[in-house]
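As a plain string of letters, each chain reads:
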Amino acid sequence: MQVLPATLEKLSFDRVIAALAERAATPLGRERALLVRPDLDDAARTLAFERTDEVLLGDDLALGGVEDVRPLVERVREGGVLDGREILSIAYTMDAAATVRRAIASGYRPRLRELAEAMTSFDGVLRLVREQLDTQGEVRDDATPKLREIRRRLQPLRGRIRERLAQLLAQHSEHVQDPIVTLRRDRYVIPIKASAQSRVPGIVVDTSDSGQTVFVEPAPVVPMNNELVLLEFEERDEVRRILLALGQRVAFEPGLEPTLAALAELDLALASARLAREWRLTRPDVAAGAPVALPDARHPLVEACVPNDVLLAGAGGDERLMVVTGPNAGGKTVLLKTLGLAVLMAHAGLFVAAGAERRADGRPRRVRLPRVASLLTDIGDEQSIEASLSTYAAHLTNLRRIVDVADPDTLVLVDELGSGTDPDEGAALSQAILEVLVERRAVGLVTTHLAPLKVFASRTEGVLNAAMRFDVEALEPTFELTIGQPGRSYALAIARRIGLDEPLLQRAEALLGPEGARLERLLETLEGQRDALQRELDAARTSSDQARAEAELLRRQIERLRERESELLAQAGEKADALLHDTLQRATQLRRTAREQPEQRGKALEALQALRRETRQKAAQAGGEVREPRPAKADPLRPGQVVRVASYEAEGPIVEIRGDTLVVQLGLLKVEVPRRDVAPVAPKARAPGRSGGPGLATPAASGFDRELNVRGERVEGALEAIRDFVSEAHALQVESVRILHGKGTGVLRDAVRQYLREERLVSKFEDAVPYEGGHGVTVAYLRE
């Protein structure tokens, strides 16, 4: 797009770019944002839109640790040496880039993934930096074998020097100023009183500010200090060599420059998304010949800006020019700049301030703009004393350029057309300019106060009248755009509203002339009709809102009924839990009676069986009235029946029947097998005398479960449960029982088996077979 720098300034594009740069997270992104201009081709513009969309639709990306390391890289390439912290800055930026690369690569965001693919992982160079530098940027001892050897010799040597100086301090204690070892000019010394300097053989390295103390390097440590200095020289040389090589390694890394460029583009996309989110911007569709469709358009830099629909036909439509009239300070110039800024932002790859409000059906309102080759404007006062140009002459200069360049790919924005000169001549010239723009099929928006241009717009095909509204009662503009009719100046209406004499107003209307008075009356009539229609529309909307509110009320009532249903179900569940708790307590008491009072065992077990029957009846009543079942074909298989599963070559009881699928317990595992894969196992014959005594039901009839699961229980609780379980099983003349305790650490298993050894009702016990639980299950055989 061709646009003058002055136009960018007048339309506040620079302020938008500054806001974009403020939202960048890195110096690279800020620099890139400040270079954004409305000159993108179709492919680059679409790419910018898609990147912003992907950021808005996905998780936010962090660019922490990314710095502008280009000056450091340039210094190395010019022969400089970086210190450790500066090398770490480059490494941290590389590492941050690698982290971002991995984060983008893991998601489905193709445009951002293209940026990630332009970055490098830097695995090798980062590993080298970690091996040679610590987190403070200091060179590690083991960076090279030579440095390791130098530092291995340095530390003991320093220790020997300090140890020898400590001995000399004690030897010359009467001459010592302070009993400390210190450093002066990189040599270890001791502080000696100046008056006793000659008493301590050595070299005076330094003196105190007061002159009372001299820092002496005693003769015995001079050779060691010399050796230390030489080693430190070697250390510094080796460290400098390492830093030089490492700095060149990171600075000349082939993927560094493309990575920094990709980070800048990514940060620009993130900043664009933040700007769109904070300013409620919308992605526009930009295409050649497209119409101007800016629903709810507003100026993003004007606080509390009133949104308006700005609609103009594209290359295939007729109404390509809009003439906006209305009172002063009514919002005409803001509307004109809103359109211009939206076009600039769209052509720069940024979202625009329109379409934030959705339709009544919840769908977003489409924002469309034509692809513009030139943006031509005449806005504001451009008089120039140096060029001897008046305000009107400056306007004419701009208008001449507009007329010379205008074509179907041009957007024209003219503020206060025809102002600054004689109204009649200004209106004539302005109409002639508009006729040229209509003939050239340029798209544009023009604001004016001239009545002849209102008439021209209403009579000319391809030109659309529009007006900014004014509240005469409140004497203030509403900043609302009305398309399809011209606006009034409201001068006489405002004068009448504030109380000017009626004869004076009548004289003014007479001076206005018959044409002007008729036009003003016509506009007033149209405005009244429009207000009446608006009131009817508002009433219809109110009725619609009321209907929606009533529907919402019904929805909430239904939700409350459903919540009440849930509460009732919860109460029923609590009652069932209470019944279960009571039943368990009674069963526990009966088992304790059977165990502790042998003479009452028969009655206690009969009461326990009666309790089971009573519990089943209550459960059936809780589920509803019991009805006679319909006759059905008897199923040969039933829950609890022992079957053999051919595919597992194992036997186990049926836990659940699900049509043609059975759930069978094979040891500790529950497996689903097809019905055709199982075969019933004939029950084993019971030994004589174990069929139950008088008044006692068989285990199956009593509902007794031969298996007890104590996995996860504490030892004390598990043993109490096993004691009751074994007592009841013995009373019901059960031959054997299974105790599931699991393997775990073996503590529970050992406690169970110790109890079974001491239990007089148990004859023996053993592990279950491997496919039925193995070491995690103990099978106990009961005495007769």
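Since we're looking at a predicted model, the values are computed, not measured. (Residues numbered from 1 in each chain as written. Predicted model: local features only at pLDDT ≥ 70, side-chain atom pairs only at ≥ 80, totals over all residues. Heavy atoms only, no water.)

A. Focus on the overall build of the protein chain. On a plain count of helices and strands, the protein chain comes out with 22 helices and 23 strands. Expressed as a percentage of contacts within the protein chain between residues at least 6 apart in sequence, the contacts between residues at least 24 apart total 66%. Counting only carbon and sulfur atoms, one obtains 51% of the accessible surface of the protein chain, whose full area is about 43200 Å². (Helix = DSSP H or I, 4+ residues; strand = E, 2+ residues; numbered from the N terminus. Contact = heavy atoms within 4.5 Å. Areas by Shrake-Rupley, 256 points an atom, 1.4 Å probe, with all protein chains shown as cover.)

B. Molecular detail of a nonpolar patch on the surface. A cluster of nonpolar residues, Leu475, Ile498, Leu500 and Leu504, forms a patch on the protein surface that exposes about 350 Å² of accessible area. As for its position among the elements, Leu500 is in the loop between α16 (491-497) and α17 (502-512). (Patch = residues over 30% accessible without salt bridge, like charges linked within 9 Å, V, L, I, M, F, W, Y side chains within 5 Å. Salt bridge = Lys/Arg side-chain N within 4 Å of Asp/Glu carboxyl O.)

C. Here's a closer look at the packing of helix α5 (residues 70-77) against helix α6 (residues 84-105). At a closest axis distance of 10 Å, the pairing of α5 and α6 adopts a crossing angle of 120°. Taken as axis vectors, α5 and α6 run oblique relative to one another. Every pair of crossing elements has a handedness; the one defined by α5 and α6 is left-handed. Where α5 approaches α6, its residues Leu72, Val73 and Arg75 are matched on the opposing element by Glu86, Ser89 and Ile90. (Axes fitted to C-alpha atoms, helices over the stretch in contact; angles between N-to-C directions. Parallel < 35°, antiparallel > 145°, perpendicular 65-115°, else oblique. Left-handed = near helix turned anticlockwise from the far one by under 90°.)

D. Quick peek at the environment of Asp407. Along the chain, Asp407 turns up in the loop between α13 (391-405) and β11 (410-414). Take Asp407: its relative accessible area is 31%, and that puts it in the partly exposed class. Measuring from C-alpha to C-alpha, the distance between Asp407 and Val438 comes to 9.5 Å, with 31 residues separating the pair along the chain. Beyond its immediate chain neighbours, meaning those up to four positions away, Asp407 contacts Arg440, Arg441 and Ala442. Of note is the side chain of Asp407, whose polar atom sits 2.9 Å from the backbone nitrogen of Asp409. (Buried < 20%, exposed > 50% of the residue type's maximum accessible area, 1.4 Å probe, protein only. Polar contact = N/O pair within 3.5 Å; in protein donor to acceptor, adjacent residues only side chain to side chain.)

E. Quick look at the packing of aromatic side chains. This model, assessed by the stated rule, comprises 1 aromatic pair. We note Arg184 situated over the ring of Phe215; from NZ or CZ to the ring centre the distance is 4.1 Å. (Phe/Tyr/Trp six-rings, centres within 6.5 Å; stacked < 30°, edge-to-face > 60°. Lys NZ or Arg CZ within 6 Å of the ring centre and 35° of its normal.)

F. Structural view of the side chain of Glu235. Considering the arrangement of structural elements, one finds Glu235 in helix α10 (residues 222-251). Using a relative accessible area of 17% as the deciding quantity, one classes Glu235 as buried.

G. Examining the sheet that holds strand β22 (residues 762-767) more closely. The 4 strands are arranged β20-β21-β23-β22 in an open sheet whose pairing can be described as mixed. A strand with exactly one partner marks an edge of an open sheet, and here the two such strands are β20 (707-709) and β22. Taking each pair of neighbouring strands and ignoring which way they run, the sheet shows an average axis angle of 20°. Looking at chain direction, β20 and strand β21 (residues 736-740) are connected through 3 bridges and run parallel. Across the sheet, residue Leu708 finds its bridge partner in β21, namely Ile739. (Pairing = 2+ DSSP bridges.)

H. Broad picture of the pattern of salt bridges. A complete count under the given rule lists 31 salt bridges for this structure. Two residues, Arg70 and Glu31, come together in a salt bridge whose shortest N-O distance is 2.8 Å. Here Arg70, found in helix α5, pairs with Glu31, found in helix α3 (residues 27-33); they are 39 residues apart in sequence, far enough to count as distant. Look at the salt bridges and you will find they share partners, linking Glu552, Arg555, Arg556 and Glu559 into a network.

I. The arrangement of the sheet that holds strand β3 (residues 202-207) in detail. Here 4 strands make up an open sheet; going across it, the order is β1-β2-β4-β3 and the pairing antiparallel. With partners counted over all chains shown, the strands left at the sheet margins are β1 (182-184) and β3, one partner each. Across this sheet, the average inter-strand angle for adjacent strands is 55°, counted without regard to direction. Contacts from α10 reach β2 (187-193), β3 and β4 (213-218) within the one sheet, and its direction differs from that of β2 by about 145°.

J. Just the environment of Thr52, in detail. Along the polypeptide, Thr52 turns up in helix α4 (residues 42-57). Along the sequence, Thr52 and Leu268 sit 216 residues apart, while their C-alpha atoms lie 8.9 Å from each other. For Thr52, the contacting residues outside a window of four places in its chain are Ala269, Ser272, Ala273 and Phe351.

K. A look at the nonpolar core. Within the largest apolar cluster, 54 residues are counted, with the highest numbers of intra-cluster contacts made by Leu20 and Leu294. Formed by 46 residues, the second largest nonpolar core is a distinct cluster that contains Val76, Ile87, Met94 and Met119. (Core = buried A, V, L, I, M, F, W, Y, C linked by side-chain atoms within 4.5 Å.)

L. The arrangement of unusual backbone geometry in detail. Phi at Ala304 is positive, roughly 55°, even though this residue is not glycine. Residue position: Ala304 is located in the loop between β6 (292-297) and β7 (308-312). Positioned with a positive phi, Phe479 is a non-glycine residue whose angle comes to about 60°.

The quantities given are spatial measurements derived from coordinates; they are silent on function.
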